[in-house]
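Tertiary structure, described
For reference, the chains in residue letters:
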Amino acid sequence: LVATMRAAASSSSRGGRKGQLAGGRGQALCRALLVCALLAVSSLATDAAAAESPLVVSDRAALAEILQGAKGDAEFRKWMTELRRELHQKPELMYKEFETSKVVQRELAALGVPFTAGIGGTGVVGVIGSGEAPVVALRADMDALPLDEEAEVYFRSTHPGRMHACGHDVHTTMLLGAARLLTGLQAEGKLGRGTIKLAFQPAEEGGAGALHIREHLRDISAIFGFHVWPSVETGIVASRPGTIMASAVFFKCVFKGKGTHGAMPHLGRDPVVAASAAIVALQTLVSRTSSPFDSNVVSVTQFKAGEAFNVIPDETTIGGTMRTMTEKSMHELIEKATEMMRSVGKAYGCEAEVSWMEEDKPITPPVVNSKKAHAFASEVGKILLGNGNVVDTEPSMAAEDFSYYTQMVDGAFIFLGIRNESLGSVWPLHHPKFMADEEVLPIGAAYHTALALAALDGGPSGESAFAKKEKEEL
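Residues numbered from 1 in each chain as written. Predicted model: local features only at pLDDT ≥ 70, side-chain atom pairs only at ≥ 80, totals over all residues. Heavy atoms only, no water.

**Describing the packing of aromatic side chains**
Each pair of aromatic rings is reported with the distance of its centres and the angle of its planes. One pass over the full model with this rule turns up 9 aromatic pairs. Relative to F415, the ring of W229 has its centre 3.7 Å away and its plane inclined at 0°; by these criteria the two rings are stacked. Of this pair, W229 sits in strand β5 (residues 222–233) while F415 sits in strand β16 (residues 410–419), placing them 186 residues apart in sequence. Across the pair, F415 and W229 agree in class, each one buried. (Phe/Tyr/Trp six-rings, centres within 6.5 Å; stacked < 30°, edge-to-face > 60°. Helix = DSSP H or I, 4+ residues; strand = E, 2+ residues; numbered from the N terminus. Buried < 20%, exposed > 50% of the residue type's maximum accessible area, 1.4 Å probe, protein only.)

This is the structure in structure tokens:
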């Protein structure tokens, strides 16, 4: 094409007006051919990208209609809003979600969804579908936080010292909304072959409730979960392949010295000074012992010593948390921190007893989205919300025990935007003024539903993207 264009230009320059006309026509023809060739290459690239996608759906229009139907159904939206507010008013702490569990069971029973209750005490797993493979899971957490609510809403928590400050009431409502949409599709014969498990999990806030639910999901081939995200605008969803949330551990260290009068410190061994020195030393774990390319966080958040102004106490306790992007880094950091606190204590004449609190708060692994599940969820999101409303995000150093599921099977964890400044939905998670834009409710319910429907639909190939239960190697 380029050579022909050059020849046409040469002819134009040598042949006078007739040659210029002929050369001009030749160049126009070549330009047209070049545009066609570029369009063909672009089409091939698009086809290749589509071929790499794990999403195989026979009717994409049907997926797009799920969100339109959920948003347009005033009765459905009213039901979800009232349900969410009912849950918001009676928050319950981890492993004590008894009333929340009763609400979940009530709604599943009303929809005719069979379920198993009492998992880990309060967890519930509902089942929709034919009972055949593929089996995919959708998960929501149910527990609240030990906070006094300060959000300016009329449906505030009625339980002092407890609040849904992490949006788990929203997560639970969205999954119940998906149950209603999925049972409707099943009644119309539109569900497809396969099985969907609805996992309502207790004790996400440090209690590793996922370990209990996981035992009832051993037959699944994929799992999807959401978290409302205040830094992302409502209507936008964000995720990423690979690690999206950090590993977390909590620690406590008791420095045992010898108490004495504050006027005579030389007669004792001061645990306050030892603990203070340890706090400063711990800050070097990230800056001096970890690679700058390895994201880690060490935060000391508690310091408890004596009560009297003139007495050096026998003991001082510090506590905090550590975050890493890999399990390997976490184990290395635990070993270094343990050695550091013990050594600093010894240097100040004190004994340091270090606890990583694994019995009450097990180490949470990082949440790792498989490439396959992430690509699948992203494409479903684009069908539902449009290409511009599905975005990539940076990893978060917050932790989530959804990680226990992604250790087992392909999975994707997705942030659903709830930021709406006009409503005041701007406060961060775990803040006493946290509030959620309820416009996310039909979005989450429809997204859950579309993921399940697409995962079960074999389309022209007759085989689901997750037909085989095999964990992708990361």
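**A short note on the sheet that holds strand β4 (residues 195–201)**
The sheet built from 8 strands is open, its strands ordered β1-β2-β4-β3-β5-β16-β6-β14 with mixed pairing. Edge positions in the sheet fall to β1 (115–119) and β14 (390–392), since each of these pairs with one other strand and no more. Shown here is a sheet whose adjacent strand axes are inclined to one another by a mean of 25°, direction ignored. Direction of pairing for strand β2 (residues 123–129) relative to β4: antiparallel, over a ladder of 6 bridges. Looking across to β4, one finds that V124 is bridged to F200. (Pairing = 2+ DSSP bridges. Axes fitted to C-alpha atoms, helices over the stretch in contact; angles between N-to-C directions.)

**With respect to unusual backbone geometry**
With the exception of glycine, the majority of residues adopt a negative phi angle, and the majority of peptide bonds are in the trans configuration. Between A133 and the following residue, P134, the backbone shows a cis peptide bond with an omega angle of 0°. Along the chain, P134 falls in the loop between β2 and β3 (135–141). Its identity is not glycine, yet Y95 carries a phi of approximately 65°, on the positive side. Topologically, Y95 is positioned in the loop between α4 (74–89) and α5 (98–111). If you check the backbone angles, A203 has positive phi at about 55° while not being a glycine.

**Topic: the pattern of salt bridges**
Pairs can form between side chains of opposite charge once their charged atoms are near each other. With the rule as written, the count across this model stands at 20 salt bridges. In this structure, K256 and E353 form a salt bridge, with 3.0 Å as the shortest nitrogen-oxygen distance. Note that K256 is positioned in strand β7 (residues 242–256) and E353 in strand β12 (residues 351–355), a separation of 97 residues in sequence. Judged by relative accessible area, which is 36%, E353 ranks as partly exposed. Here K328 makes a salt bridge to E332, at a shortest N to O gap of 2.7 Å. Here E332 and K328 lie together in helix α10 (residues 327–347), a separation of 4 residues that amounts to about one turn. A relative accessible area of 58% places K328 in the exposed class. Because the salt bridges share partners, they merge into one network encompassing R84, R85, D169 and E438. (Salt bridge = Lys/Arg side-chain N within 4 Å of Asp/Glu carboxyl O.)

**Quick word on the nonpolar core**
In terms of nonpolar packing, the biggest core is built from 71 residues, with L198, F224 and Y447 touching the most fellow members. Sorting elements by how many residues they give to this core places helix α13 (residues 440–456) first, with 13 residues. Excluding anything up to four places from it in sequence, L198 contacts L108, V124, V125, G126, I128, L138, L175, A179 and L182. With 26 residues, the next largest nonpolar core counts A281, A337, V344 and I363 among its residues. (Core = buried A, V, L, I, M, F, W, Y, C linked by side-chain atoms within 4.5 Å. Contact = heavy atoms within 4.5 Å.)

**Brief notes about the packing of helix α3 (residues 60–72) against helix α11 (residues 371–385)**
Where α3 meets α11, the axes come as close as 8 Å, and the angle between the chain directions of the two elements is 65°. The orientation of α3 relative to α11 falls into the category roughly perpendicular. Here the hand of the crossing between α3 and α11 comes out right-handed. From α3, R60, L63, A64 and L67 reach across to α11, where they touch E379, I383, L384 and L385. (Parallel < 35°, antiparallel > 145°, perpendicular 65-115°, else oblique. Left-handed = near helix turned anticlockwise from the far one by under 90°.)

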